[in-house]
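Residue-level structural notes
The chain contents come next:
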Amino acid sequence: MAGSVVIVESPAKAKTINKYLGQDYTVLASFGHVRDLPPKDGSVRPDEDFEMDWELGDRSKRHVDEIARAVKGATRVYLATDPDREGEAIAWHVQELLKEKRLAGREIRRITFNEITKSAVLDAISKPRDVDQELVQAYLARRALDYLVGFTLSPVLWRKLPGSRSAGRVQSVALRLICEREAEIEAFRPQEYWTIEAEFKTHDGATFTARLTQLDGKRLEKFSLTNKEQAEAALARIRPMLFKVGRVERREVKRNPYAPFTTSTLQQEASRKLGFGAVKTMRTAQKLYEGVDIGGETVGLITYMRTDGVSLSQEAIDGSRRLIDQTWGAAYVPEKPRIYKTAAKNAQEAHEAIRPTDLFRRPDQMGRYLDKDELRLYELIWKRTMASQMASAILDQVTVDIMSKGAEAVFRATGSIIRFDGFLKVYQEDKDDDGEEEENRRLPPMKDGDDLTRGNLKSDQHFTQPPPRYTEASLVKKMEELGIGRPSTYASILQVLQERNYVRLEKRRFEPEDRGRLVTTFLESFFNRYVQYDFTAALEEKLDDISGGRIYWKDVLRDFWQHFRGAIDGTKDLTITQVLDALDEALGPHFFPTRVGADGQPIDVRACPTCGSGRLSLKLGKTGAFIGCSNYPECRYTRPLAVAGEEGEADADRELGPDPETGLTVVMKRGPYGVYVQLGTESSKEVKPKRVSLPRGMEPQDVDLNKALALLSLPRSVGMHPSTGIEIQAGIGRYGPYLKHGDAYKNVPPDDDVLTIGLNRAVILLGDNLAKKAVAGRELGNHPKDGKPISIGSGRFGPYVKHNKLFASIPKAMSSDELTLEQAVELLAAKAAKDSAKKGAAPAEADSTAEEKPKKAPAKKATTTKAATAKTATAKATAPKRASAAKGDAAAAPKKPAAPRKTAAKATKVSEPF
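The sections below set out a description of the structure shown in this document. Keep in mind the model is a prediction, meaning the values are calculated, not measured.

**Details of empty space enclosed by the protein**
By the definition in use, this model includes 4 cavities of 30 Å³ or more. In this structure, the largest cavity encloses a volume near 90 Å³. Along the wall of the largest cavity there are 13 residues; nearest its centre are Val149, Gly168, Arg169, Tyr530 and Val531. Within the residue set of the lining of the largest cavity, elements represented by two or more residues are helix 5 (133-160) and helix 15 (533-547). The element contributing the most residues to the lining of the largest cavity is helix 15, with 3 residues.

**Side note on the sheet that holds strand 1 (residues 4-8)**
Within the open sheet, the 4 strands sit side by side as 2-1-7-8. Their pairing is parallel. Each edge of the open sheet is held by one strand with a lone partner, namely strand 2 (25-29) and strand 8 (107-110). The sheet shows a mean angle of 20° between the axes of neighbouring strands, direction not considered. Where strand 1 and strand 7 (residues 76-79) come together, 4 bridges link them in parallel fashion. Its bridge partner being in strand 7, Val6 is matched across the sheet by Tyr78. Against the sheet, helix 2 (residues 60-72) contacts strand 1, strand 2 and strand 7, and its axis sits at roughly 165° relative to strand 2.

**Some points on the packing of aromatic side chains**
As enumerated under the stated definition, the model contains 25 aromatic pairs in all. Where Phe243 meets Phe411, the ring centres are 5.6 Å apart and the plane angle is 80°; that geometry is what we call edge-to-face. One end of the pair, Phe243, is in strand 12 (residues 243-255); the other, Phe411, is in strand 16 (residues 409-420), with 168 residues separating them in the sequence. A relative accessible area of 2% means that Phe243 is categorised as buried. Among the aromatic residues, ring-to-ring pairing joins Tyr530, Phe535, Phe560, Trp561 and Phe564 into one connected group. Above the ring of Trp92, the side-chain terminus of Arg35 is found at 5.6 Å from the ring centroid. Over the ring of Tyr533 we find Arg176; its NZ or CZ atom is 4.5 Å from the centre of that ring.

Thresholds applied
Position numbers for residues count from 1 along each chain, tracking the sequence in the order it is written. Local features in this predicted model are restricted to residues of pLDDT 70 or higher, and side-chain atom pairs are both shown and tallied only at a pLDDT of 80 or more, whereas totals for entire chains, interfaces and linings draw on every residue. Computation of side-chain values: all heavy atoms of the structure, hydrogens and water removed. Buried and open spaces are told apart on a 1 Å grid over the protein atoms alone, a cavity being a set of points where a 1.4 Å probe fits but cannot get out and a pocket being an open set with protein on both sides within 12 Å along at least five of seven lines. Residues with an atom within 4 Å of a point are the lining residues. Grid points are joined across faces, edges and corners, and a volume is the space filled by probe spheres set on the points. The way it works is that DSSP assigns letters per residue, a run of H or I at least four long becomes a helix, a run of E at least two long becomes a strand, and they are numbered from the N terminus. Should DSSP find at least two bridges between two strands, the strands are taken to pair. Comment: axis = line fitted to C-alpha atoms, over the contacting stretch for helices; angle = value between 0 and 180 degrees taken between N-to-C directions. Any two residues whose heavy atoms approach within 4.5 Å are treated as being in contact. Any Phe, Tyr or Trp ring, taking Trp's six-membered ring, that has another such ring centre within 6.5 Å forms a pair; planes under 30 degrees apart are called stacked, those over 60 apart edge-to-face, and the others tilted. Per-residue accessibility, obtained with a 1.4 Å probe over protein chains only, is compared with the maximum for each type, and a residue is labelled buried under 20%, exposed over 50%, and partly exposed between these values. Any Lys NZ or Arg CZ found within 6 Å of a ring centre and within 35 degrees of that ring's normal is scored as a charge over the ring.

What follows is the structure, encoded as structure tokens:
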């Protein structure tokens, strides 16, 4: 048995480290956390000074037993779990379990390394330490806080707000950020403003554009021109003016490189540049950290990826400066090495930034060892690290004021010229939601007093934009700014919010679900303190103080629990009515947005569409919240909570009026597949009333009786195709609006209205291909032998001729448009002869009518008998092999006969509207 046992978290890491240490060491994996708080009430007991119960995971028992067996024969144990607070906690848990198994007599030491390289591991082995109890206490405090919030607050949610999932200490605050941003967007009212731009030309013929900044001695602010009339007046004033260069201002600007990656900045940039979510970024980085096989040796490619430190080791700094000099020259190496310091308190215990373990492993050399995503992330980390040690970029920023001869109007153009690219040679950080950066434009050479020729003069209408929804990158950045959560928690926070269906990602931006908004509003109304940003950030600072030894962990828990218990007790007498009133008032603008009718008058969106006298408001049922009428139970109108794009469904489930022709009532209803209009009511299960779904883009509130009748009259005739003379119809099928031309169908795009689409547009949409298919459906005439029709069709393998059940392909050399009856008969006869030859019968009847004649029956029987005989012979030949297969020799089992070849008859199937 080896003298020392090394315990790491993952088996991949264990395999690599075992190669570094040799036979005197046994390296085993704990497979992450080995035990946790049982998911039941009472696992943390505040009344017993926050005693905590721990439970060994079902899948952990086997791994812990294996570790215990190895430790029994060892003299020394190294706990080499990850170098962060969670890794320290795992080391502590393993140590406690070894004590329980009476194995604590061995020397148990803690080692950490920031990268999985041989030198780093051996260096760590030479510098062991004890488990850091202050880091462990910070972990215990965080775990207890999260447990107490989750297991105390969640039951309150379930009782007072049915349909809710659960609440988390940090997740609830992150959810509030998303919901508040959505509320800002909904409350936003765009403001109109206009800008004026002119094109100018220099003596050398170079052109550039500039924006009007001053007119008649007044500086133009953003909202100086608020409508078209004011903009037109300004244009009329400027048109006769002549212009010259008033002033050219140049200044040198130095841009310094960005610091190396931390966990949060890596997640942000991977989201912006690579489109990776936070979870995918961390999963891919984990693979790079644990290592890949290079030349038969597993090598860790990056340092530990959970950190908010920005410092680099001296070895990394020296290596990057040498590589910069070799690759881009001495001009790109700054005079002094760049030293970065984090602004965050207790930055993950002062870890290094995320960097390649060996910068000389260039990304272009790693393509054969990494998959696509791993290579892209490695390249991002490599470039950011290299850029962080490169020289600053130097730019000339130029501002040019263009004045009219009398200085009545002043235009301004800004731009920049890169004099020395420096770190921009390698890397430039992306930004979220950047507008137009005019300063990055290139401007032609000019000097004061130069005359300019004015070209195109135009005004542009603009509207102010609401704040953008959070991306994963911008949400992580905001949480980091507020001090909410820590690098190791960001990915899991975003994942939990989506798993609970509190938010969804649409086009890489977070949108809150109504369930999430209800939970947030409930917490803001009755537990406001615990979703405040500064309170959550202050609690994070206290946890950092615990890990730094500045405060005792149970003091933090006692202070928190005293206030939190009081807040929980304060909701015992809270009634459902009080909850509903609070939610209805706060979320009214969301569920009942203000709308204006065609006459310009506001619409009472709270009025019940069924009874007319009731008021719509939030209600709670066993399955959650919904919208209901105040006249319940007399009026049973209900609808689910509106979601994005479905606000108009409040006007579903209503009568539209009588059909003038039948007298039946036209109603609009909402079903499991959306809103539809219906003619009459169901009189029996056998007789179903006609229904038509509302096409995508048609809002229920916009449907009146006339529009409903138009939908119910579908399919309608659009007109006759000018080339084929076949009618084109428009209708709505199971897959949405469509055009039908003969046997051919075509989807109607969302921008076209199936009720109003015209003949010209329909012909364009159908295209030549579908027109040819319709032409192919024509009859050529009757077969000369039996008088039955011969027609042209089009299938998956191309055009064909058909007679009874016989199909013959039309050769590419023949045109289906010009095919004659005589040519079709020849093709059919040849196909019949070919089929008969395959069956072993004489082609006596090659006129495609053979299947109707009794004398063909013996031939069929002969074929069947022949096949049966062959099958019997095969069975006899394989009998011994089947016997051996019964004993386990699966390879000797007879193969299943191939299915008979399908005939061209398949081509007769006509596709439905798609």
